[in-house]
4 protein chains.
Amino acid sequence: MRFFSDNAAPAHPKVIEAIAAANRLDTAYDGDEWSKRLDGAFSDLFGTEVRAFWATTGTAANCLALAALCPPYRAILCHRDAHIEVDEAGAPGFFTGGAKLVLLDGEGAKLTPATIADACDAIRKDVHQVQPAAVSITNATEYGLVYRAAEVAAIGKLAKERGLALHMDGARLANALASTGESLADVTWRAGVDALSFGFVKNGGLNAECVVLFRTELADEIAVRRKRAGHLLSKGRFLAAQILAMLDDDLWLENARAANAAAQTLAIAATHRLVHPVEANEVFLQVTADEAAHLRRQGFDFYDWGPGEIRLVTSWEQKGEALERLAAAIAAL
Amino acid sequence: MRFFSDNAAPAHPKVIEAIAAANRLDTAYDGDEWSKRLDGAFSDLFGTEVRAFWATTGTAANCLALAALCPPYRAILCHRDAHIEVDEAGAPGFFTGGAKLVLLDGEGAKLTPATIADACDAIRKDVHQVQPAAVSITNATEYGLVYRAAEVAAIGKLAKERGLALHMDGARLANALASTGESLADVTWRAGVDALSFGFVKNGGLNAECVVLFRTELADEIAVRRKRAGHLLSKGRFLAAQILAMLDDDLWLENARAANAAAQTLAIAATHRLVHPVEANEVFLQVTADEAAHLRRQGFDFYDWGPGEIRLVTSWEQKGEALERLAAAIAAL
Amino acid sequence: MRFFSDNAAPAHPKVIEAIAAANRLDTAYDGDEWSKRLDGAFSDLFGTEVRAFWATTGTAANCLALAALCPPYRAILCHRDAHIEVDEAGAPGFFTGGAKLVLLDGEGAKLTPATIADACDAIRKDVHQVQPAAVSITNATEYGLVYRAAEVAAIGKLAKERGLALHMDGARLANALASTGESLADVTWRAGVDALSFGFVKNGGLNAECVVLFRTELADEIAVRRKRAGHLLSKGRFLAAQILAMLDDDLWLENARAANAAAQTLAIAATHRLVHPVEANEVFLQVTADEAAHLRRQGFDFYDWGPGEIRLVTSWEQKGEALERLAAAIAAL
Amino acid sequence: MRFFSDNAAPAHPKVIEAIAAANRLDTAYDGDEWSKRLDGAFSDLFGTEVRAFWATTGTAANCLALAALCPPYRAILCHRDAHIEVDEAGAPGFFTGGAKLVLLDGEGAKLTPATIADACDAIRKDVHQVQPAAVSITNATEYGLVYRAAEVAAIGKLAKERGLALHMDGARLANALASTGESLADVTWRAGVDALSFGFVKNGGLNAECVVLFRTELADEIAVRRKRAGHLLSKGRFLAAQILAMLDDDLWLENARAANAAAQTLAIAATHRLVHPVEANEVFLQVTADEAAHLRRQGFDFYDWGPGEIRLVTSWEQKGEALERLAAAIAAL
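Every value quoted in this text rests on a predicted model; they were computed, and no experiment measured them.

Attention now goes to the relation of the copies chain A and chain B. With an RMSD of 0.0 Å, the operation that places chain A on chain B is a rotation of 180° combined with a shift of 0.0 Å along the axis. On this basis, the relationship between the two copies can be described by a two-fold rotation axis. Of the C-alpha atoms belonging to chain A, the one lying closest to the rotation axis is found on Ala-229 of chain A, 3.5 Å away. Mapped onto chain B, 100% of the interface residues of chain A again fall at the interface, so both copies present the same surface.

Moving on: the sheet that holds strand 5 (residues 165-170) of chain C. All names here are of chain C. What the seven strands build is an open sheet, ordered 1-7-6-5-4-2-3; its pairing is mixed. Every interior strand has two partners, whereas the edge strands, strand 1 (51-55) and strand 3 (100-104), have only one. Taken over all neighbouring pairs, the strand axes of this sheet differ in orientation by 20° on average, direction set aside. Packed on one face of the sheet, helix 11 (residues 237-247) meets strand 1 and strand 7 (209-213) and runs near 115° to strand 1.

Evaluated as defined, the whole model comprises 76 salt bridges over all chains. With a shortest N-O distance of 3.1 Å, Glu-217 of chain B and Arg-215 of chain B are connected by a salt bridge. Look at Glu-217 of chain B and you get exposed, because its relative accessible area is 56%. The partly exposed category is assigned to Arg-215 of chain B, whose relative accessible area is 30%. For the salt bridge of Arg-325 of chain D with Glu-321 of chain D, the shortest nitrogen-to-oxygen distance reads 3.4 Å. A residue pair is termed a helical-turn pair when its members lie 3 or 4 positions apart in one helix, as Arg-325 of chain D and Glu-321 of chain D do in helix 14 (residues 320-331) at four residues. Taking the relative accessible area as the measure of exposure, Arg-325 of chain D reaches 40% and is therefore partly exposed. By sharing partners, the salt bridges in this structure join Asp-87 of chain A together with Arg-124 and Asp-126 of chain D into a single network.

Time to look at the interface of chain A and chain B. Contacts between chain A and chain B engage 47 residues on the former and 47 residues on the latter. Buried area between chain A and chain B, summed over both chains or domains, comes out near 4,000 Å², and the portion from carbon and sulfur atoms is 57%. The tally of links from chain A across to chain B stands at zero salt bridges. Here chain A and chain B share 19 residue pairs in polar contact (both at pLDDT 80 or more) between them. The set of elements that each furnish at least two residues to the side of chain A that touches chain B consists of helix 1 (13-21), helix 3 (58-69), helix 5 (91-96), helix 10 (219-228) and helix 11 (237-247) of chain A. If you tally residues by element for the side of chain A that touches chain B, the top one is helix 5 of chain A, at four residues.

Rules of the game
Residues numbered from 1 in each chain as written. Chains lettered and ligands numbered in written order. Predicted model: local features only at pLDDT ≥ 70, side-chain atom pairs only at ≥ 80, totals over all residues. Heavy atoms only, no water. Least-squares fit on C-alpha atoms with pLDDT ≥ 70 in both. Contact = heavy atoms within 4.5 Å. Pairing = 2+ DSSP bridges. Helix = DSSP H or I, 4+ residues; strand = E, 2+ residues; numbered from the N terminus. Axes fitted to C-alpha atoms, helices over the stretch in contact; angles between N-to-C directions. Salt bridge = Lys/Arg side-chain N within 4 Å of Asp/Glu carboxyl O. Buried < 20%, exposed > 50% of the residue type's maximum accessible area, 1.4 Å probe, protein only. Buried area = accessible area lost by both parts, 1.4 Å probe. Polar contact = N/O pair within 3.5 Å; in protein donor to acceptor, adjacent residues only side chain to side chain.

Listed below in structure tokens is the structure:
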């Protein structure tokens, strides 16, 4: 059984059904009936007027948003282990036209107002140094930690004081909210987030993510940038339909809860081995190379994170007997 | 009935089935079993070793290829009405980092060795003028004309003499080949094409196009550029599976033949109104505004191409009674 | 004697003196006393508050301004023969991050409100086509024609109506004004120009041009872009001193008058051969290859502009006997 | 007296004379007699065939070279305090089209084979992480330390093994060589350096630096990139003449020796306060805020480098009484 990545998981059956149901003649690009419903659906979900743009990858969603928030000659502050720095092949540099990522430290890949303020203060206010324009945080973080609404709000407050835009990479935002029970509104726009990459693919989607803009005046620019980056699919209805299926009856939350529950099952079996608290659907364990090999021989697949450390990611469909077997195998190490 | 664009057409049922069949746990990105089969499948299809990369849009496929063929400080020669110039929101400039499109004239959006040679000769060989690095042709063209293999070979020969790479935008390559009966090999690599955007979406696909590299040494660069542009989908198997379904039993050719046949039905009904010969699945007609309105009142939808001109595009699933009704309506104008 | 280009001319002695006089210890970059005087000097000269930035080339001045006026995903309208299109190696694409030049026709490289309006109207208002953001005109033009203030004002009015910024490439603005006797203010900011590249190098300077911003709110961005493009010289005082020397006692106008007078001397000698009216310091003549060879044998150097056409450019120091000899030689052809 | 920066120093009289002597009519851009002599002059100086390109700033020289050595989708390894990272406003990102700087640690801003190897090893070999393409070192470093030829050779060897190009920022290369007495050849191309930014402005030049290419096959690309970045001055002879004057009778070495000697005078006066060994012309001292204020009251100007630390930079013309007074003032603190 694979605990390698939630990207490896299948799409939820309702998503597949939605795609099949959308397979009718309609208008190309995003002029179809499904795409047109997105703004309204997300505005309802967030309790404020937003603009929503489907995209096929988190990298695209992140970098389209960042390009609208940061000019080529300025910088984005993010954690040293942020996905945009570590796993997007330099896409922020490409989409922004050369903006710089300034890398910050922080436990569990979390930023704080203090680390952000310190980073800003270390930059001389002259033309020789690249001035910051935006902050990007990931929620849940790359280590499976979750920002509470109050934490985001504190960052949002500082960002506003410093004239910085705030972007949230929400590839696993569903898992974060399933964990805290807080509201989408509280952890995003009410906390000062300007643009959100709302992830669905890791959470049961097939290939649809969403850029949600709280600063709706950026919508025209994002629309053009999306086309210009080759991300305006000609049959966009198949993306919009997936997203609407995920929003229907809160399937996104239901899937995230299932994934989180699976992670808890593993966490409980491995309490003394946890590298980070398990707050969402990622489990980082201290495991020797021999122990890792032993688990793999039993048919479990996962990611070697570093010397003596492995990463297990659970998904919406991992439960039942296979999961219990893994939990038992870890406990038995 | 919509004759607005082949992008508006539904996906072929076999494509939808292939997506559903691929909905299993597998490796993320392009490490899955379907994606891994693409190089072999296309190498067989083309009768030479190629590297194949799925992409979600023709714009992405075109511009990834062009970025690998043309450095930022050089130019791409293309027709003034080429899709890369007219309908991709400046994507070539974005992907290449600012390379220039030099716009050539030519009947029916076709280039010839003579127009290309003239364009090259008009550029002074110094650092003040942007020197050309590549030629891009569209087959079938934006006006539905088809390049014969010999025509491409003549362009390929000139390109080689001038040190230019040759790219083919094959958004409707299937329609071109269904029309001429020539072979994929003859009209591409044997004719000197270095990189091809092989279109499937307009031809019954859902959201998978393909970059086919005949210069396989560019593969690593394309792979990195694809990721960096946010085009490496995390569940790539759903794209690869679509493409494999299109290749199976030559579904791509069968669909193209159906679309072309539909176009011929319309062409025959409108012989004296044709703006361009109908060689693929696009029909440009001279029609007054009143006549266009009359057709629309009968439930037909199409694109106003310019004063007194309309564009009808047929797709794989347009046939039978509705098509006959349109043909009759045009004939009756 | 060389009539190849005003770039080939020597610097005026007062410019060399100013450089020598600035050769003292001072603050680096643009913090020195000379650089600090530029804003005031140009504000006085233009009769309105401006911000002025030295640069070493017209290409840099043009493209820094254009990058601030046009985002990467939009277009700049200019003449097909504009220097930014023809002779800057694609620099606009580099500085803007891939913005597109839309090429317009017009007698003598001049634009008109009508050609600009037509170009705008031909662009569909959707995300597939690149929308215009700016217009760039050259005064005097690449063929030595001059825009009158009223002509610029008409373009400026249209630009404003269409939401377009207006840039003027003034590499030979001095020659234009020396020709018309109009005021700097009337032909620039009062006519709606947002940013000006004010040329000095062709007019007796050594290596200092100037970006003059009438939209002063762009100053911070230009300052950063200049540094980022490697154009913030560490001993900027040597550029500022040159410019101040050119402004002193209207040396810029005096030099331009001399160059224009030299061009008139040639024009009078060649009335029936003129390709364009001679309004500034460029003379385009119809001359056969044999005639051109004949002139060259007499020691005159110039540019072959095309079949049967040559370009002669006069500079501030061309007068007296050598000039008379050329005039006579042309008359004697 | 100013010890703020060697950029603030005057140009050497011979440089001013050379400019005045070059003030004749000649060919524009780099077609003049002075520019044409550069390749030969530098080939002689380095004892191997090189191509040499004048540029007006170190930022331009560095980034033109880096853009030719590193594609947009790869990374440049450099020290965390390297000028290209800290003081060039993101120019490497602009010139390369978004390449990434990977920041390494190292005493005194020096890299070693070990730190470079570790940085490479930490990058996963997949498309998700940005792969390195080049290493850039600064000699003398930003803290005034000097690489010995053997140290550069060790880095060059590793770079070659790893497939990385090697760039040297030689803004103060003259000072480095004046310090070690080693040869230009040994510390550059024999040690594996592919491209060098050879600084003259800090060392008595006015506004001419030089890109020296040991990989001469990159020359055409550099020539185009220089033009495209607005760095091809129309009267290039005034830059070439400066550089030739600096090479004449080894003025570059003589000036650097003078600057180094001045730094030693200060170093001897401040032995117990030195933050770094003084190997070139930069002196970093531990000095309290009160002490710094005391020095300033005596008329000395310098840079506050951080809490309790100041930077003094000496130049070719700092000697004699004023220098002795500063040395005494420091000793007397």
